[in-house]
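Listed here are the chains, written in short residue letters.
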Amino acid sequence: MNRLFSTSFWLFATLALSACGGNGGASSSAANNSGAANSSAVSLTLNDTGTTFCRDSAGDNADCLVAPAQDGNNGRDSQTLAKQGAGPAGFDWSKLAQDGSLLANQKLAWQNTGSESANTQWSCVQDHHTGLRWEVKSNVMGSLNHRDLRYSWINSDANTNGGMAGTASTDDCNGSLCDTQAYVAALNTVNFCGHNNWRLPSLNELLSLVVTDNLDLVMDANYFPNAHNDQYWTYQSYAPDNNRAWYLYFSDGSFGITLKSSPNYLRLVSDSNND
C-alpha cells in the first residue's frame, strides 16, 4: 500500500506538495508529473475539508462560535455561501447529464435503476468553486466507465511521465484497454459530458473532493455514487522511484505511492472552461 500520511495531516501535506511543484497545475519538473493530456491542467483553487464541528482544548465537542480557531470555524465551510449549485458545507456542485447539460431537478437522489431523463442518475459533477468537471461512475454492467474497473498507470509522453512510461495493458475494460492512457483516450473519443479534454487528476485535484465528515469513504456519495473507499490514480509520477506513481486513498483521505503496474481505480477530471 505504501500509505505515507494519515488523514489528519492531509492539508499540511497538500501545501507541502504545492511548495515543491505538486499543485493542481502541471509541475515544471517532469520527474514529478505523469499522465496523458495534462498540459491543460490549471492552477487549482482548493475546496475546504467539509469539517463543520469544533473541539475545545480538552478535545471535547464545542460550539464553533466560541471554540479556539480551527478547521470547523474557518474557511468556506464556516461561511454562509451563495452557491450556484449545492453540496455539503463549502462544496458547490451540480449534477450533469451525459451531454453536459444540467439535470433539471438537482435534488433527487441517485437510483441504481433510475435514469438521467428522470433526474435520478447523472454522468458528471461540475465543481463551481474549483472550475473542474468530474466523471461519475456507472453501475451498468458493460459500461465504459463501470465503477469496478481498475487500470495500470501508463503515459508514453517522456516530457510528463517522470522518465518511466509505466505499464500498458492488453486486457479489455469494456471497450478500453485496462490502463490509464487508453481510458483517457476512450472517454475523450466519446466526448463524455460534452468534453474531450479529460485527463488524470493531480493529487491536489483529488484532494479537492475529500469530505472529512465520513472516515470510511471521504467522498460525498450523494454526488459521487458508485465510489470505492480505495486507491485512485493521480497523473503524478514519484520522483525518487519512477516505477511508482501517486494515488489518493478515499477511505481516509491519505495518499501514497505504488507501482505503476498496480491496478487502481480512476476518476478523470476535465478543465470545464478549457476545451
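Thresholds, definitions, all that
- Residues numbered from 1 in each chain as written.
- Predicted model: local features only at pLDDT ≥ 70, side-chain atom pairs only at ≥ 80, totals over all residues.
- Heavy atoms only, no water.
- Helix = DSSP H or I, 4+ residues; strand = E, 2+ residues; numbered from the N terminus.
- Buried < 20%, exposed > 50% of the residue type's maximum accessible area, 1.4 Å probe, protein only.
- Contact = heavy atoms within 4.5 Å.
- Areas by Shrake-Rupley, 256 points an atom, 1.4 Å probe, with all protein chains shown as cover.
- Phe/Tyr/Trp six-rings, centres within 6.5 Å; stacked < 30°, edge-to-face > 60°.
- Lys NZ or Arg CZ within 6 Å of the ring centre and 35° of its normal.
- Disulfide = S-S within 2.5 Å.
- Pairing = 2+ DSSP bridges.
- Axes fitted to C-alpha atoms, helices over the stretch in contact; angles between N-to-C directions.

Asker: Give me the overall build of the protein: which residues, what numbers.
Answerer: Secondary structure assignment for the protein yields three helices and ten strands. Written out in order from the N terminus, the α and β elements of the protein read α-β-β-β-β-β-α-β-α-β-β-β-β. Buried residues in the protein amount to 51% of all 275 residues. The contacts in the protein between residues at least 6 apart in sequence include a share of 64% that link residues at least 24 apart. On the protein, roughly 11800 Å² of surface is accessible, and the fraction owed to carbon and sulfur atoms is 50%.

Asker: Please give an account of the packing of aromatic side chains that cites residues and values.
Answerer: Applying the stated criterion to the full structure yields ten aromatic pairs. Relative to Phe250, the ring of Tyr232 lies with its centre 5.3 Å away and its plane at 85°, an arrangement referred to as edge-to-face. Of this pair, Tyr232 sits in strand β7 (residues 231-237) while Phe250 sits in the loop between β8 (244-249) and β9 (254-259); the two residues are 18 residues apart in sequence, bridging distant segments of the chain. Geometrically, the ring pair formed by Tyr232 and Tyr265 is tilted, given 5.6 Å between the ring centres and 35° between the ring planes. Taken together, the positions of Tyr232 in strand β7 and Tyr265 in the loop between β9 and β10 (269-271) put the pair 33 residues apart, joining distant regions of the chain. Each member of the pair, Tyr232 as well as Tyr265, is classed as buried. The aromatic ring of Trp122 is capped on one face by Lys95, whose charged end is 4.2 Å from the ring centroid. Directly above the ring of Tyr223 sits Lys95, whose terminal nitrogen or CZ lies 5.4 Å from the centroid.

Asker: Explain the state of the cysteines to me, and be specific about the residues and the numbers.
Answerer: Counted under the stated rule, the structure contains three disulfides. The disulfide partner of Cys173 is Cys178, and the gap between their sulfur atoms is 1.9 Å. Across the S-S bond of Cys173 and Cys178 the torsion is about 110°, and the bridge reads as right-handed. Cysteines bonded in the protein are numbered consecutively along the chain; their disulfide partners then correspond to 1-2, 3-6, 4-5.

Asker: For the sheet that holds β9, give the residues involved together with the corresponding values.
Answerer: Reading across the sheet, the three strands line up as β7-β8-β9 and stay open at both edges, with antiparallel pairing between neighbours. Sheet topology places β7 and β9 at the edges, where each strand pairs with a single neighbour. On average, each strand axis in the sheet is inclined to that of its neighbour by 35°, with strand direction left out of account. Of the strand pairs in this sheet, β8 and β9 are connected by six bridges, and their pairing is antiparallel. Opposite Ala245, over in β9, you have Thr258 as the bridge partner.

Asker: Now, about the sheet that holds strand β5 (residues 132-135): what can you tell me, with residues and values included?
Answerer: With antiparallel pairing, five strands are arranged side by side in an open sheet as β3-β4-β5-β10-β6. Each end of this open sheet is capped by a strand with a single partner; those strands are β3 (93-96) and β6 (198-199). Bridge count between β5 and β10: three bridges; the pairing is antiparallel. Pairing of Arg133 across the sheet is with Ser270, part of β10.

Geometric values such as these leave the question of function open.
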